[in-house]
Amino acid sequence: MELFLGVDVGSVTTKFVLMDREKRILASCYLRTSGDPIAALKEGLRYIERRMPEGGVIRAVGTTGSARHLAGVIVGADIVKNEITAHAVAAITKVPDVRTVFEIGGQDSKLIIIRNGVVEDFAMNTVCAAGTGSFLEHQAVRLNVPIEEFGKLALQAKQSVRIAGRCTVFAESDMIHKQQLGFGKAEIVKGLCEALVRNFINNLAASRKIEDPIVFQGGVAANQGMVQAFRDFFGGKKRIIVPEEHGVMGAWGAAILAMEYAPEKTAFQGFSVVERSFVSRSFTCTDCPNACEIVVLKEDDRVKALWGSRCGKWTPETATIRCEEEEETAPSLVLPPECATGRCAMHG
Amino acid sequence: MRATFPHLLHLDIALGILYPTLGIEIVPPPPITQKTIEIGVKLAPQNACFPLKVTLGNFIEAIEQGADTIFMVGGVGPCRFGYYGQIQRLIIEDLGYKVRFVLLDHPRYGVRPFFEALKTMAGGRLSLPKIVQAVRLSWSVLRFTEELEGKRRALRCQVEDPKSLDRVIDGALEALRRVKSLEELEILKEQTAEKLSSLPRNGRTDFLRVGIVGEVYIAQETRVNFNVERLLGDLGVYVHNSVSTVEYILHTLRPFTRSKEKLEAWKLAQPYLKRFVGGEGIDSVGSAIRYAQEGFDGVVHLYPFTCMPEIVAKGILQAVSRDFDLPILHLAIDEHSGEAGLVTRVEAFVDVLERRKWEKKRRLEHDGALSRR
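Everything numeric here is computed off the predicted structure, so don't read it as measured data.

(A) Representation of the sheet that holds strand β12 (residues 293–299) of chain A in the model. Residues and elements named next belong to chain A. Sheet architecture is open: 3 strands sit in the order β11-β12-β13, paired in antiparallel fashion. Across the chains shown, the open sheet's two edge strands, defined by having one partner strand only, are β11 (278–284) and β13 (302–307). Here the average twist between neighbouring strands, direction ignored, is 30 degrees. Contacting β11, β12 and β13, helix α2 (residues 68–76) crosses the sheet at an angle of about 160 degrees to β13.

(B) The pattern of salt bridges, seen in detail. Throughout the structure, instances matching the rule amount to 44 salt bridges over all chains. For E120 of chain A, the salt bridge goes to R356 of chain B, with nearest N and O atoms at 3.6 Å. Of the two residues, E120 of chain A is situated in strand β8 (residues 118–124) and R356 of chain B in helix α15 (residues 339–372); the pairing between them involves two chains. For E120 of chain A, a relative accessible area of 30% corresponds to the partly exposed category. Given a relative accessible area of 11%, R356 of chain B falls into the buried group. Between D12 of chain B and R177 of chain B there is a salt bridge; the shortest N-O distance is 3.4 Å. A residue pair is termed long-range when its members are at least 10 positions apart, and D12 of chain B in helix α1 (residues 11–21) and R177 of chain B in the loop between α7 (162–176) and α8 (182–197) qualify at 165 residues. A relative accessible area of 40% places R177 of chain B in the partly exposed class. What emerges from the salt-bridge pattern is a single network uniting E149, R152, R156, D166, D170 and D234 of chain B.

(C) Broad picture of unusual backbone geometry. In this chain, D212 of chain A is followed by P213 of chain A through a cis amide linkage whose omega measures 0 degrees. Along the polypeptide, P213 of chain A turns up in the loop between α7 (185–205) and β9 (214–217). Phi at N116 of chain A takes a positive value of approximately 55 degrees, unusual for a residue other than glycine. Locating N116 of chain A in the fold gives a position in the loop between β7 (109–115) and β8. For N116 of chain A, a relative accessible area of 56% gives the class exposed. Even without being glycine, D325 of chain B reaches a positive phi, approximately 50 degrees. Along the chain, D325 of chain B turns up in the loop between α14 (308–324) and β8 (328–333). We classify D325 of chain B as partly exposed; its relative accessible area is 42%.

Conventions we followed
Residues numbered from 1 in each chain as written. Chains lettered and ligands numbered in written order. Predicted model: local features only at pLDDT ≥ 70, side-chain atom pairs only at ≥ 80, totals over all residues. Heavy atoms only, no water. Pairing = 2+ DSSP bridges. Helix = DSSP H or I, 4+ residues; strand = E, 2+ residues; numbered from the N terminus. Axes fitted to C-alpha atoms, helices over the stretch in contact; angles between N-to-C directions. Contact = heavy atoms within 4.5 Å. Salt bridge = Lys/Arg side-chain N within 4 Å of Asp/Glu carboxyl O. Buried < 20%, exposed > 50% of the residue type's maximum accessible area, 1.4 Å probe, protein only.

Structural data, given as C-alpha cells:
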C-alpha cells in the first residue's frame, strides 16, 4: 500500500499525518514541540511507525510549519512547503467549496481567501501575537482553568465583558482589571475569546471580503468559545465549519502536496532516523563583511545541512572541512532557529 | 578631508569614481551588516524610519574608520526623509564627533547647488570641465551597475546555475571600481554582455513575472530587504524592479530631466492619486498599474515600517489590486522584521501566483475545448 507522510513542525506543536492515496488519514498525532523540534520529530516518527499498516510503504514526505526546513532535512522530505499553502490545500480537500480559511495556531494566525478552489489572497498576523493560541494558553494558566476546559467555560457565560484585545500586554492588564471589578471566570473567558476574534478580524481581514463557507482550523479551533465568538461576530449569518482534523490540517496538507509532487524515489530517511543524534551549532563566517551566522545541523559527526549564508557558498561538502578546522575553537552550542518569533513575527 | 556617504546598493562604486577624480579622499562606509543596523537602531529615535537608522550606522562606522566629512542628501515635501540629514547631524554632534556635514538639499531649482556642494567639498579648487567629466563617468558607471542588477533579476530564473550568474555580475561590479575612463567602461560592458549571453540557460519560458514597487531605499538595498529579489529568483520568478537610484536622482533634478517611464507612471496613477504625497507614493501606484497592464503575475510592495507616503500608496494599491485583478504582497521592513516570517510570506505569495496561473490556463483550455465542440 502506498502511503504519504505529512509533518508540520510549529512553534508550539508538532503534527504528523499518515495518508493513503485516497487522501484518507490513517494515523495522526499532535505533540508539543516544547522548544525541542528534533525530539518532537523523533517521537512523532515512533508513533507513526507503530501505526504503519501491514505492507505499507511511504512513497513521499512533505514538511511544513516554521521548522519545515529542519524537519525536511531530518525526516527526508520530498517537498518543503510554507504553512499557508499547506493549510489551504487541506481546507480545499476537506471542503471543496470553501471560500475563506481561518487558521489560528500557536504563535501566528492566518486568513486565506479562496475562490474557485484556488488561493486568491492571504494575510498573516502582523502587529503582535495577541490573537493566538499561546496567548489563550497563558491566560488559561493565569485563570487556573485547564486549556481544554477554557472553551466550554466560555459557553457558560451569561453575559460578556469587553476586553481590549489589541495587544497581548494590554489585553492582560484589562482582563485583570475586569476580574478585579468582580466579573466571573466564565464571563472573563468569553470576553477574551471575543477580544481575540476582533483582533483577528481587525488585523487580518482589513479590507478583505469574508465570504462563507469558512473553514476554521488550527489548534485554537478546538476551543468552542472561539468558534462561538466567531459565529456571534458574524451574527450567525456565516457558515463556519470546524473540521474534525482541525488540529492536523497543516500536516495533512503537506502530505497531500507530497502526493501531488511524488518523485520517482522518495528522500524519506526511514524510521531509523530516531536512532540517530542530531545537533545544531553555529559559527560566524568571516570570509566577507556580511559576517553571516551559519547554523550547522550535524547528524552524528556528519554535516547534514547549513542555513544562514547569504552568498550561498556553504554546502555540506565545504562545511565539513571548515568545521573540522574550527572544532578546537568550537563556538557555543545554539539551537537552530526554530521559528521567527524571538523577533515578534511582525510586519506583514 | 576624508569624505564618506551612505550606502545605497552600488552608489559607493559611482561615488568612489567621482570623488577621487575631484581630489576628494573617500572613506566608504563598511558594508551594511547586522552591526551597522544595531548602531543605527541604538542611536536613532525609535520612530524614525529604517533608512535613517541604517545610514546613521553607515556614518558612525565610517567616522570610526577616519572619515571627517559626511555627504548626505536632503529634500523637501511630505516625506520625513528631507529632514534626516539634519537629525543625523545633530545625533552625530551630540556624540561628540567632530565632522563636517555637507547637506545637499533638494535641487529644486536646478543643478547648480549640486555642483556648488561638490566644489565646497573639493575645497573650491576645481574647474567646471573637470567636474563635468568626473560626473559623466560616474553617472555612466552608476547606470551600468543598475543594468547589471536588472540582468541579475531577469536572468536568475532563466540560467541553469544562478551561482555562475552571480559570479559574472559580481565580477563586473568589482571591475567597475577600477574603471578610469568611458572607453574602459565600454569594453567592460561588452565583455560582460558576452559572458552573460554565454551562460547556459535552462530553457524555461513559463516563469512567473513579479514587479517590485515601493520606497527607494528599502526596495533597492538588498542588504536590508532580506534580498527579496534573490529569494523570488530562486523560486523561479522573473523579477523587475521599478525603483532605481538613477531614476531617483533624475527626478530629483527636476524639472527638465524626468524620464519617460517616470512620467508615464505618474500619468497612470492619476485616476487613483492626483496629489504628490511625498517619497515614491505616486510611483508605487503608477508602477503597479503598469505591471498589471504589461501582464505581470504579481507585485511586491516594499517599504519601511511607518513610511507615510507608502502607507498612502498601500491603501490605494488595494483598489488597484481589485480593479486589475493583480495580487500584491505588502512587506513593511524595519529592524524588527524576521527573516523566517518574510520568507514564508514570499513563498506563499509565489504559490498563490502559480496556482492562479495554472487555474487560468486550465479554464482557457476548458473554454477552448467547449468552443471546438
